Amino acid sequence: MFVIPVSRRSAEFTRHIERLLAKPERDTLALRTPPMDVSETDQAYSLQLDMPGIAKEAVKISIEGRRINIDAVQAGPAPETTTERVLHRERAVTRFSRSIVLPTEVNQSDSKAQLEDGVLTLTLVKRQPAGASQLTVS
């Protein structure tokens, strides 16, 4: 067995060289699950999700009965100029995705969505059951 002594300086030097020589992956897509708060009243559900850096146009919300799907893609960093060389990159294109199933169905036409200061707020109106009806026997 061989033991190769490694000092803190050599480890730092190695990390520094790896950063300089590493080629950033431009097409990397990081998937994030945004934190979410859910509350309800007798008439509606309220969902709040943290989605920093997302434009309103990038948010897609689909409602299928009780299931709510929220997707968005955050734009990546600006492309490099010809005179600039990237040494280290941690920011990448990010996709936010969250899905939830609520206890009751949602009325899509009366529901609202608002994105302000990086917080998406959904007000989802509960579908009210139709009044009782009678069936006649023939």
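Just so we're clear, the structure is a prediction, and the values are computed from it rather than from any experiment.

Chemist: Please give an account of the nonpolar core that cites residues and values.
Modeler: One finds L47, M51, I68, L120 and L124 to be the most contacted residues of the largest nonpolar core, which totals 19 residues. Going through the elements one at a time, β3 (44-50), β5 (67-74), β6 (93-101) and β8 (119-125) are the ones with two or more residues in this core. Sequence-distant contacts of L47, defined by excluding residues within four places in its chain, comprise M36, D37, V38, I100, L120, T121, L122 and L124.

Chemist: Provide a residue-level description of the environment of T41, including the pertinent values.
Modeler: Structurally, T41 is set in the loop between β2 (36-40) and β3. T41 gets classed as partly exposed once you look at its relative accessible area, which sits at 45%. Counting along the chain gives 85 residues from T41 to K126, while the straight-line C-alpha distance between them is 9.3 Å.

Chemist: Requested: an account of the sheet that holds β3, with residues and values cited.
Modeler: Ordered in space as β2-β3-β8-β7, the 4 strands form an open sheet in which the pairing is antiparallel. Strand pairing shows two members of the sheet lacking a second neighbour, β2 and β7 (112-116), which therefore form its edges. Each strand of the sheet is rotated relative to its neighbour by a mean of 15 degrees, with strand direction disregarded. As paired strands, β7 and β8 are joined by 5 bridges and run antiparallel to one another. Residue pairing for β8: L115 is matched across the bridge by L120.

Chemist: Account for the side chain of S111, with residues named and values stated.
Modeler: Looking at where S111 falls in the secondary structure, it is placed in the loop between β6 and β7. In this structure the side chain of S111 is engaged in a polar contact, spanning 2.8 Å, whose partner is the backbone oxygen of N107. Among all residues touching S111, those that are not within four sequence positions of it are V106, T123, L124 and V125.

Scoring rules and cut-offs
Residues numbered from 1 in each chain as written. Predicted model: local features only at pLDDT ≥ 70, side-chain atom pairs only at ≥ 80, totals over all residues. Heavy atoms only, no water. Core = buried A, V, L, I, M, F, W, Y, C linked by side-chain atoms within 4.5 Å. Buried < 20%, exposed > 50% of the residue type's maximum accessible area, 1.4 Å probe, protein only. Helix = DSSP H or I, 4+ residues; strand = E, 2+ residues; numbered from the N terminus. Contact = heavy atoms within 4.5 Å. Pairing = 2+ DSSP bridges. Axes fitted to C-alpha atoms, helices over the stretch in contact; angles between N-to-C directions. Polar contact = N/O pair within 3.5 Å; in protein donor to acceptor, adjacent residues only side chain to side chain.

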